[in-house]
Amino acid sequence: MVKSHRIHQIQKTRVISLGRTGSRIPEQSVLANPSLMTPHLPPSPKPWNTTRILTASTSNKHVPVYLWILIGGYDSLTGYEKRHKPSPEHANALKGDEAFLSADEYLKPTLEDDPLLEVPSEDSSDEEEIEVWPQSPLDLAAAKRQIKRLKQQLQRTKQDMIEYRAFVSERLNFTSVAESLKEPVPSSSIHVAAPLRDDDSHYFQSYGENDIHAVMIQDKVRTATYAQFIMTTPELFRDAVVLDVGCGTGILSLFAARAGAKRVFAVDASDIAEKAMQIVKANDLENVITVIRGKIEEVTLPDDVTHVDVIVSEWMGYGLLYESMLDSVLHARDRFLNPDGGVLAPSQCKMMFGLCEAAEIFKERVGFWSDVYGFDLAAMAADVYNEAIVDVVDSMASEPVVVKDLYLKTIAPKQLDFSSSFTLVSTTERKTNIHAFVLYFDTFFTASGEPIPEDSQVHFVKEGDPILAEVWQVGGKPHISRRMSSGGPLKKPKPKTTSFSTGPLSVPTHWKQTLFLLRDPIIVHEGTIVQGTFICKKSDDNSRELDVEIHYTVKYEGEEPSEAIVQVFKVR
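Everything numeric here is computed off the predicted structure, so don't read it as measured data. All residue numbers refer to positions counted from 1 along the written sequence of the respective chain. For this predicted model, a pLDDT threshold of at least 70 governs which residues receive local features, and a threshold of 80 or more governs which side-chain atom pairs are given and counted, while totals over whole chains, interfaces and linings are taken from all residues. The basis for every side-chain value is the complete set of non-hydrogen atoms in the structure, without hydrogens or water.

### Quick look at the overall build of the chain
Thought 1: Along its length, the chain carries 14 helices and 20 strands.
Thought 2: Each residue gets one of three labels from its accessible area relative to the maximum for its type: buried under 20%, exposed over 50%, partly exposed in between, using a 1.4 Å probe on protein chains only. Within the chain, the proportion of its 572 residues that are buried is 45%.
Thought 3: Total accessible area on the chain stands at roughly 31400 Å², and carbon and sulfur atoms take up 52% of it. Think of it this way: any DSSP run of H or I at least four residues long counts as a helix, any run of E at least two long counts as a strand, and we number them from the N terminus. The protein chains shown are the only cover counted for residues, whose accessible areas, like all others here, come from Shrake-Rupley with a 1.4 Å probe.

### What to know about the sheet that holds strand β18 (residues 529-538)
Thought 1: Whether two strands pair depends on DSSP finding at least two bridges between them. Here four strands make up an open sheet; going across it, the order is β14-β18-β19-β20 and the pairing antiparallel. Each end of this open sheet is capped by a strand with a single partner; those strands are β14 (418-425) and β20 (565-571). Across the sheet, the mean angle separating the axes of adjacent strands is 20 degrees when strand polarity is ignored.
Thought 2: Pairing of strand β19 (residues 546-555) with β20 involves seven bridges; the strand directions are antiparallel. Following the sheet pairing, Leu546 is matched in β20 by Val571. To get an axis, fit a line to the C-alpha atoms, keeping to the stretch in contact for a helix; angles then go from 0 to 180 degrees between the N-to-C directions.

### Remarks on the pairing of strand β15 (residues 432-446)
Successive side chains on a regular strand alternate, one facing one side of the sheet and the next facing the other.
Thought 1: Counting buried residues in β15 gives 14 out of 15 residues, a clear majority hidden from the surface.
Thought 2: Both β15 and strand β17 (residues 513-524) contribute to a ladder of seven bridges, which runs antiparallel. Residue Ala436 lies in a different strand from β17, and its bridge partner there is Leu517.

### Observations regarding the sheet that holds strand β6 (residues 241-245)
Thought 1: In spatial order, the strands read β8-β7-β6-β9-β10; together these five strands make up an open sheet with parallel pairing. Edge positions in the open sheet fall to β8 (289-293) and β10 (343-345), since each of these has one partner strand only. Shown here is a sheet whose adjacent strand axes are inclined to one another by a mean of 20 degrees, direction ignored.
Thought 2: The pairing of strand β9 (residues 310-312) with β10 spans three bridges and is classified as parallel. Looking at β10, one finds that Val312 is bridged to Ala345.
Thought 3: Two residues form a contact once any of their heavy atoms are found within 4.5 Å. Running at roughly 165 degrees to β8, helix α12 (residues 272-282) makes contact with β7 (263-268) and β8 of the sheet.
Thought 4: Sitting on the sheet, helix α13 (residues 325-336) is in contact with β6, β9 and β10, with an inclination near 155 degrees to β6.

### Here we look at the packing of helix α8 (residues 210-218) against helix α9 (residues 220-231)
Thought 1: At a minimum axis separation of 5 Å, α8 and α9 run at an interaxial angle of 65 degrees. The angle between α8 and α9 places the two elements in the roughly perpendicular class. Where α8 abuts α9, its residues Met216, Ile217 and Gln218 lie against Lys220, Arg222 and Thr223.
Thought 2: Here the contact of α8 with α9 is built from residues that sort into two nonpolar, two polar and two charged. Small angles under 35 degrees read as roughly parallel and large ones over 145 as roughly antiparallel, with 65 to 115 read as roughly perpendicular and the rest as oblique. Amino acids are sorted into nonpolar (Ala, Val, Leu, Ile, Met, Phe, Trp, Tyr, Cys and Pro), charged (Asp, Glu, Lys and Arg) and polar (every other residue, Gly among them).

### Points about the pattern of salt bridges
Thought 1: Salt bridges are defined as contacts in which a side-chain nitrogen from Lys or Arg sits within 4 Å of a carboxyl oxygen from Asp or Glu. Per the counting criterion, the structure on display carries 12 salt bridges.
Thought 2: Linking Glu274 and Arg293 is a salt bridge whose minimum nitrogen-to-oxygen distance equals 3.2 Å. Highlighted residues: Glu274 in helix α12 and Arg293 in strand β8, separated in sequence by 19 residues.
Thought 3: One connected set of salt bridges, linked through shared partners, spans Lys537, Asp540, Asp541, Asp547 and Lys570.

### So, the packing of aromatic side chains
Two descriptors summarise a pair of aromatic rings, namely the distance from one centre to the other and the angle between the planes of the rings.
Thought 1: Think of it this way: a Phe, Tyr or Trp ring, Trp meaning its six-membered ring, pairs with another when their centres are within 6.5 Å, and the plane angle makes it stacked under 30 degrees, edge-to-face over 60, tilted otherwise. Going through the model one piece at a time under the given rule, you end up with 15 aromatic pairs.
Thought 2: Taking 5.1 Å as the distance between ring centres and 20 degrees as the angle between the ring planes, the aromatic pair formed by Phe353 and Phe437 counts as stacked. Here the residue Phe353 occupies a position in strand β11 (residues 348-356), and Phe437 occupies one in strand β15, the gap between them amounting to 84 residues.
Thought 3: Judged by relative accessible area, Phe353 falls into the buried class, the value being 0%.
Thought 4: The interplanar angle of 70 degrees and the centroid separation of 6.0 Å between the aromatic rings of Phe422 and Phe437 together place this pair among those described as edge-to-face. With Phe422 in strand β14 and Phe437 in strand β15, this residue pair connects regions lying 15 residues apart in the sequence.
Thought 5: Take Phe422: its relative accessible area is 2%, and that puts it in the buried class.
Thought 6: Here Phe437 falls in the buried class, since its relative accessible area comes to 0%.

### Considering the nonpolar core
The nonpolar side chains of soluble globular proteins are, as a tendency, buried together.
Thought 1: Ranked by internal contacts, the top residues of the largest apolar core, which has 96 residues, are Leu243, Ile289, Phe353, Phe437, Phe516, Phe534 and Ile550.
Thought 2: No other element matches α9, which puts seven residues into this core.
Thought 3: In this description, a nonpolar core means a group of buried Ala, Val, Leu, Ile, Met, Phe, Trp, Tyr and Cys residues linked to one another through side-chain atoms lying within 4.5 Å. Core analysis: the second largest hydrophobic core is formed by 13 residues, Ala358, Ile389, Val393 and Val438 among them.

### Some points on unusual backbone geometry
One can expect most non-glycine residues to show negative phi and most peptide bonds to be in trans.
Thought 1: Cis rather than trans, the peptide bond between Ala345 and Pro346 has omega equal to 5 degrees.
Thought 2: As for its placement among the helices and strands, Pro346 is situated in the loop between β10 and β11.
Thought 3: A positive phi angle, near 60 degrees, is found at Asp304, a position not held by glycine.
Thought 4: Along the chain, Asp304 falls in the loop between β8 and β9.
Thought 5: The exposure class assigned to Asp304 is exposed, which follows from its relative accessible area of 74%.
Thought 6: Phi is positive for Ser324, close to 55 degrees, though the residue is something other than glycine.

### Observations regarding the side chain of Thr225
Thought 1: Within the secondary structure, Thr225 is located in helix α9.
Thought 2: On the basis of relative accessibility, which here comes to 0%, the residue Thr225 falls in the buried class.
Thought 3: With sequence-adjacent residues up to four places away left out, Thr225 is seen in contact with Lys220, Phe445, Ile467, Thr498, Ser499 and Phe500.

### Quick look at the confidence of the model for the chain
Do not read the predicted coordinates in detail wherever pLDDT is low.
Thought 1: The pLDDT value tells you how sure the predictor is about a given residue, anywhere from 0 up to 100. Per-residue pLDDT for the chain averages 77, and the proportion of residues at 70 or more is 65%.
Thought 2: With pLDDT under 50 throughout, residues 172-197 is counted as low confidence; its partners more than four residues away or in other chains account for 35 contacts.

### What to know about α13
An α-helical turn contains 3.6 residues, so any two residues separated by three or four positions project in the same direction.
Thought 1: For a helix, the expected span equals 1.5 Å multiplied by the residue count minus one. Counted at 1.5 Å a residue, the expected span for α13 with its 12 residues is 16 Å, and the 16 Å between its end C-alpha atoms agrees.
Thought 2: Restricting attention to buried positions, one finds in α13 the residues Met325, Leu326, Ser328, Val329, Leu330, Ala332, Arg333 and Phe336.

### Here we look at the side chain of Ser426
Thought 1: Checked against the element boundaries, Ser426 lands in the loop between β14 and β15.
Thought 2: Counted as a polar contact is a pair of N or O atoms within 3.5 Å, where, for protein atoms, one must be capable of donating a hydrogen and the other of accepting one, and residues adjacent in sequence contribute only when both atoms are in side chains. For Ser426, the side chain forms a polar contact with the main-chain oxygen of His525, separated by 3.0 Å.
Thought 3: Apart from the residues within four sequence positions on either side, Ser426 is in contact with Leu355, Ala397, Val524, His525, Glu526, Gly527 and Thr528.

Take a look at the structure:
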C-alpha cells in the first residue's frame, strides 16, 4: 500500500507530498521543472493545469497512484473518483472541463475525515508549508539552516505517519497496514494495536508431515500403552461417545472404534486430518468415526452432540508441557466432557526431576569444541547452557522427585505455570561430576478417571516386555489372559491403572528426556543434598515454548549450604 500520498491545498499554492520521502514540491516548481519529480514518474500524458496520473514506487511493488493537480475542482474530482471509481483509461480521457468538476454533489466526502482531503488551517503560511533550497549549501551557516529545516520536515512527516496510523487503526481495522508501518515514530498519545502474534501456524504445519507421525506410532511404549488401555477397558469404551483431540492419523480413534465406541469425533487442525479421513474410509469405520478439521477451541460437534463420555488425546510434549497442547485438551474438557462421569485418557501425569551425570552428553555438546584439530572452538558451546537438550540418558544420580502432579480432571490452565521446591539426595557411591538436571514424565490411565492411589508405581517398560511384543489378532482384539482362581475369598481389587514412563529406567520413547546442562558441574558424594526451586512457565515470546528457571544450593555433610545458583533455560 502507498504510504500517505497526500495533496495539500493552501491559499496560494498546491503542494505534492510523497509520503515515502516526505518531499514537498510546489506545483509551480513542478510546472517549471518536471525533473523535480521522482524518476519513477512517466512523462505527463495531459497538460499540467488539467490532470496528472503518476506511478509511485513503494517497497517492492509499483502501485498506481492518482495525483490530481487541478486549477480548481480538486475536491469535486476526488469525490467523483471515490464514488464512481473510474478506470485509469477513463481518468486519462478527462480534459478538465467536465461539468461534474463544478457540481456540488461531489464536494461531500465519501469517507468522513478522509486524510486525502485534509486542508491546513487558515493560519498556515506558505513559508511553513513550502521550503525550496539549493541542492548544496553555499557555506556552513546555510548548511546548518538546511539541516534544521530537514529536521523540522522529518518531524512533520513522522507526525503525519502517527495520524495516518491512527486513522487506519480506528476506521479500517486493517492489520496488514499496521504490520507494514513499523518505522519508529516519536512519542505520542495515539497507539495502534500491534498485529496478533501467531504461535500456532508453524506448530500445526509441523504435524502435517508424515515423518513425525511415523516416529510417534513406531514408539511402542507410547502407542502400545494407549492400545492396551483402550482395548482392555470395555466398561469405559463400549457404546461410548469419544472425542480424540489432536487425532493425527486417527490411530487412537481407530482403537476406540474397535473397542466398541458408538461415535468417535477425531479433531485435528493440521493437514494430517485429510489423511485421517482417508484412513477411516480405508478401514470401513466411516459410520463410527467422524474426522473434523479445525482447532478444538473453534469446532462444533455434529448432530447436535454437546457432551462426550471420553476424551482421549496424546498431548504430551518434551518435558510434558512443551507445545502447550494440554491447554487445548482442558478447553475440550470444559466444553465437551460429560460432567457426570466423563473420563480423560490419560487421567494423570507427573513431572519427575533429578540429578544426572550426563558425562557423554557433556562431552558431545560441550567438551568436543575445546579441541578440534588442535584449535579451541569453545565459543561454539556457549549457548548450550541456555537451551534444554532433548536426549537419552540411561541412569540417574539421585532418586527422582515430583515437581508437578497434574490431575487432568480438575487442573486449570493457569496452574500450568508453576514453581516447585525440590530436594535431591545423591545416590552415587563415588565422587561424581553432575553435569545436568534431568526432567521426564510418567503417564497414568484409569477407567474411572479418578486420581491414582498414592502408592501407585509407574510401569517401566523393559526390553522383552510383553506390551512390546503384543500380537494383535485379526479383528484387532489382543489376547487377554484368564485370571487364575486363588481358592480363597476374593479381595476387592485396586482400581485398574495403566501407565508408562519416559524416564531413564524405561525403554527410550520419542520424548527421550529433557536435560538442563550446568555451567558449573556439581561435585557430589553419596548423600550430597541439592536443594532448590524449579520454575516453569510459558515463554513470553512463544506460548508453545517454555521458560525454565532452576535455583539450587549444594550441601555436603557437616557443611553449610552453598550460595544459591540460578540458571535459565529455554525449552523449544
